[in-house]
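A look at the structure
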Amino acid sequence: MPHPDALRWDERYSRETERFALRAPRHLLTSHLDLLPPNGLILDAACGTTSTGRYLAAHGWRVIALDVSNAALRLARQKVKKDASPVSFAVMDMVNPWLPESHFDVILNFYFLSRPIIPTYRQALKPGGLLFFETYLREPHANAERYLESQELRRFFDDWDILHYIEVERLVRARSGYEESRWTAQLIARKPK
Ligand SMILES: C[S@@+](CC[C@H](N)C(=O)[O-])C[C@H]1O[C@@H](n2cnc3c(N)ncnc32)[C@H](O)[C@@H]1O
């Protein structure tokens, strides 16, 4: 039986192919490349078309890219540069997955929220590893399951070294095609050694 998130997102990726395929790598990551360990193993979680993961692979990092949508991963595979490091793709439900312990140097979580995955990220990063996390804050009347409360992301990692945390208003392109302003939280945190 198909996963309900896969049905929803496969349909969006088929309908909005251009919009998703042309997405740029996330600025939170590209503006902090100096923090990344050379040759590290990077998990791009709920990666979509893996714009950020593909950017890192093109710069020599090894990337594992996981998403529930096969349509997203098909698009992503077509776009990996020929001379890039390999990107390993797998279809996976990231709401509450098992991940190996102390395995990744860096985990990326952009614009996806699953609260049960937070303890999994905490154990799957190597000591000294980095988490990049950015997603929307909840607006009035929005579904609380998919959006962060103010300061919630920081609280999940308040025993880690927080290198960057802000809540910032951004212009995003809505499905209508128009730009709208949305509040997001951004975090970069290092797991203690
Ligand atoms: C807004 S997109 C973000 C994609 C990418 N991280 C980025 O920065 O552009 C949200 C992604 O979460 C994925 N997703 C939704 N539910 C999921 C689930 N249960 N498990 C894994 N991925 C899921 C969708 O397929 C989609 O690719």
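Further up the page is the structure itself.
Quick summary incoming for the structure in this document. (Residues numbered from 1 in each chain as written. Predicted model: local features only at pLDDT ≥ 70, side-chain atom pairs only at ≥ 80, totals over all residues. Heavy atoms only, no water.)

Quick notes on the overall build of the protein
Looking only at helices and strands, the protein features 7 helices and 7 strands. Reading the secondary structure of the protein in the N-to-C direction produces α-α-α-β-α-β-α-β-β-α-β-α-β-β. Along the three orthogonal principal directions, the C-alpha set of the protein runs to about 45 × 45 × 35 Å. When the 193 residues of the protein are sorted by exposure, 47% land in the buried category. At a minimum sequence separation of 6, the contacts of the protein that also span at least 24 residues come to 59%. (Helix = DSSP H or I, 4+ residues; strand = E, 2+ residues; numbered from the N terminus. Buried < 20%, exposed > 50% of the residue type's maximum accessible area, 1.4 Å probe, protein only. Contact = heavy atoms within 4.5 Å.)

Let's talk about helix α4 (residues 51-58)
Owing to its 3.6 residues per turn, the α-helix brings residues three or four apart onto one side. Counting buried positions along α4 gives 6 out of 8 residues, so the element sits mostly inside the fold. Those residues of α4 not exposed but buried are Ser51, Thr52, Gly53, Arg54, Leu56 and Ala57. Residue Gly60 follows α4 closely and has a positive phi angle near 100°.

Regarding the site of the ligand
With respect to spatial proximity, 18 residues lie near the ligand, and among them Tyr13, Ala46, Asp67, Met94 and Phe110 are the closest. Ala46 places a main-chain nitrogen or oxygen 2.7 Å from a nitrogen atom of the ligand. For the ligand, whose unbound accessible area comes to 590 Å², protein coverage reaches 94%. Looking at the shell around the ligand residue by residue, the classes come out as 11 nonpolar, 2 polar and 5 charged. (Near = heavy atom within 4 Å. Polar contact = N/O pair within 3.5 Å; in protein donor to acceptor, adjacent residues only side chain to side chain. Areas by Shrake-Rupley, 256 points an atom, 1.4 Å probe, with all protein chains shown as cover. Nonpolar A, V, L, I, M, F, W, Y, C, P; charged D, E, K, R; others polar.)

Considerations on the sheet that holds strand β2 (residues 62-67)
In spatial order, the strands read β3-β2-β1-β4-β5-β7-β6; together these 7 strands make up an open sheet with mixed pairing. Both edges of this open sheet fall to β3 (87-91) and β6 (161-173), since each of them pairs with a single strand only. Across the sheet, the mean angle from the axis of one strand to that of its neighbour is 15°, orientation sign disregarded. (Pairing = 2+ DSSP bridges. Axes fitted to C-alpha atoms, helices over the stretch in contact; angles between N-to-C directions.)

As for the nonpolar core
Ranked by size, the top nonpolar core spans 25 residues in total, and within it Ile107, Leu131, Phe133, Leu153, Phe157 and Leu187 carry the most contacts. Listed by contribution, the elements that provide at least two residues to this core are β1 (41-45), β4 (104-110), α6 (117-124), β5 (125-136) and β7 (179-190). It is α6 that contributes the most residues to this core, 4 residues altogether. The residues touching Leu187, leaving out its near neighbours within four places in the chain, are Leu28, Leu131, Phe132, Phe133, Leu153, Arg154, Phe157, Ile162, His164 and Tyr165. The next biggest cluster of nonpolar side chains, apart from the first, holds 24 residues, and it includes Leu36, Val87, Leu108 and Val172. (Core = buried A, V, L, I, M, F, W, Y, C linked by side-chain atoms within 4.5 Å.)

Looking at the pairing of β7
Pairing analysis gives 7 bridges linking β5 to β7, with the strands arranged antiparallel. Following the sheet pairing, Tyr136 is matched in β7 by Thr184. Strand direction decides the pairing type here: β6 and β7, joined by 12 bridges, are antiparallel. The residue of β7 that forms the bridge with Arg170 is Arg182.

Notes on the pattern of salt bridges
Tallied over the entire structure, the rule returns 12 salt bridges. Here Arg19 and Glu16 are joined by a salt bridge, their closest N and O atoms 2.8 Å apart. If you follow the salt bridges from partner to partner, you end up with Glu11, Arg12, Arg15, Glu16 and Arg19 in one network. (Salt bridge = Lys/Arg side-chain N within 4 Å of Asp/Glu carboxyl O.)

Note that every value here comes from positions in space, so none of it alone points to a role or purpose.
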